[in-house]
Amino acid sequence: MIATIQYNSRKIQIDVSKPIDISIAIDMSKKNINAWYVDDPKIFPENIEGEIVKVSEGAVVNFNNIHFNPHAHITHTECVGHITNEIHSVNKNLRHYFFVAEVVTVAPENDGDDFFISAKQLKTALRNKKRDAIVIRTLPNLLEKKSKGYSNTNPPFLLEEAAQYLKEKGIKHLLIDLPSVDKERDEGKLLAHNAFWNTKGQLRLDATITEFIYVPNTVEDGEYLLNLMIAPFENDATPSKPILYQIIQ
């Protein structure tokens, strides 16, 4: 099924029957990703007046509760409300869902025990390309990214200069396969978050950061159409399901 999309002066064609899902789900049949020192997610049937509401227990429906934190347990998309005193909802501020995105693969640099992505690396990857979104795949790109416990592991992060560059480049949507764009323990500075959302100036209310994605190794670097789908929670962050479509040349 081929769709043609008018994007500014371009006509983009995609095959909508070939989506590339780069989200990580909560799946209670296996080990889940986890970060930020919280318990694992839980999915469990409701108990009403001593009766477990589950078909295998004699109920007519399955009726599950889900306990999770979007920042810790699942692919999620967040807005500037994640770091501001004033409440901002990603569900209200993300109003468009299709974007031209560039997938880039980066091997983080290191300084001692810290591994990070620099502005130079992103400039090399993007060059003069104009994109709405960037999808960052870090190396090594192992399947354990979909089940890893990240607490107290000091994962790679973006330098402030890298986030600043993306803001100046006009990137509105930043997607990355890490638990955060910032260092795990940075004394609350959140330099990359603040730089990307421009908290010292005019807030970029329509800009988003999506963390905990997973881009399969079979996906080549390059230009894609991104469908950034989110769950309708009025919150600073919400579970999301980013989908890439290869652009037909």
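Computed from a predicted structure; not experimentally measured.

**Student:** Explanation requested: the nonpolar core in the structure shown.
**Tutor:** Buried together is how nonpolar side chains tend to be arranged in soluble globular proteins. Of all hydrophobic cores here, the largest spans 25 residues; its most connected members are L122, I134, I136, L158, L166, L174 and F196. Listed in part, the 19 residues of the second largest apolar core include V90, V135, I213 and I230.

**Student:** Would you explain the side chain of E211 in this entry?
**Tutor:** Position of E211 relative to the elements: it lies in strand β15 (residues 208-211). Among buried charged residues, E211 stands out as having no salt bridge; its nearest opposite-charge side chain is R204, 13 Å away. Within polar-contact distance, the side chain of E211 engages the side chain of H76 at 2.8 Å. Reaching out from E211, the side chain makes a polar contact with the backbone nitrogen of V181 at a distance of 3.2 Å.

**Student:** Just to check I follow, could you spell out the pairing of strand β16 (residues 222-230) for this structure?
**Tutor:** Consecutive residues of a regular strand have side chains that alternate between opposite faces of the sheet. Within β16, 8 of the 9 residues are buried, which leaves the element mostly enclosed by the surrounding structure. Two elements, strand β9 (residues 98-106) and β16, share 6 bridges in a ladder whose sense is antiparallel. Within β16, the position partnered with E102 by the bridge is E223. The sheet contact formed by β16 and strand β17 (residues 237-246) spans 7 bridges and is antiparallel. Pairing of Y224 across the sheet is with Q246, part of β17. Where β16 folds back on β17, the antiparallel hairpin that results is connected by 6 residues.

**Student:** Would you mind showing me how to read the sheet that holds strand β13 (residues 157-158) here?
**Tutor:** Hydrogen bonding along the main chain pairs the strands of a sheet, whether they run parallel or antiparallel. Reading across the sheet, the 3 strands line up as β10-β11-β13 and stay open at both edges, with mixed pairing between neighbours. The open sheet has two edge strands with one neighbour each: β10 (109-111) and β13. By the bridge criterion, 2 bridges tie strand β11 (residues 114-117) to β13 in an arrangement that is parallel. Looking across to β13, one finds that F116 is bridged to F157.

**Student:** Sorry, what's going on with helix α3 (residues 119-126) here?
**Tutor:** Note that an α-helix has 3.6 residues per turn; residues three or four places apart therefore point the same way. Listed as buried for α3 are A119, Q121, L122 and L126. Down the axis of α3, the smallest arc covering the buried residues is 160°, so these residues share one side. If you follow the buried residues of α3, they end up packed against β9, β10, β11, β12 (133-138) and α4 (160-169). Backbone geometry just downstream of α3 places R127 in the positive-phi region, at approximately 50°.

**Student:** Is there a simple way to explain α4 in this structure?
**Tutor:** The set of residues buried in α4 consists of A162, A163, Y165, L166 and K167. At its buried positions, α4 is contacted by β11, α3, β12, β13, β14 (173-176) and α5 (191-197). At the exit of α4 stands G170, carrying a positive phi of roughly 90°.

Calculation rules
Residues numbered from 1 in each chain as written. Predicted model: local features only at pLDDT ≥ 70, side-chain atom pairs only at ≥ 80, totals over all residues. Heavy atoms only, no water. Core = buried A, V, L, I, M, F, W, Y, C linked by side-chain atoms within 4.5 Å. Buried < 20%, exposed > 50% of the residue type's maximum accessible area, 1.4 Å probe, protein only. Helix = DSSP H or I, 4+ residues; strand = E, 2+ residues; numbered from the N terminus. Lys, Arg positive; Asp, Glu negative; His and termini not counted. Salt bridge = Lys/Arg side-chain N within 4 Å of Asp/Glu carboxyl O. Polar contact = N/O pair within 3.5 Å; in protein donor to acceptor, adjacent residues only side chain to side chain. Pairing = 2+ DSSP bridges. Arc of directions from axis to C-beta. Contact = heavy atoms within 4.5 Å.

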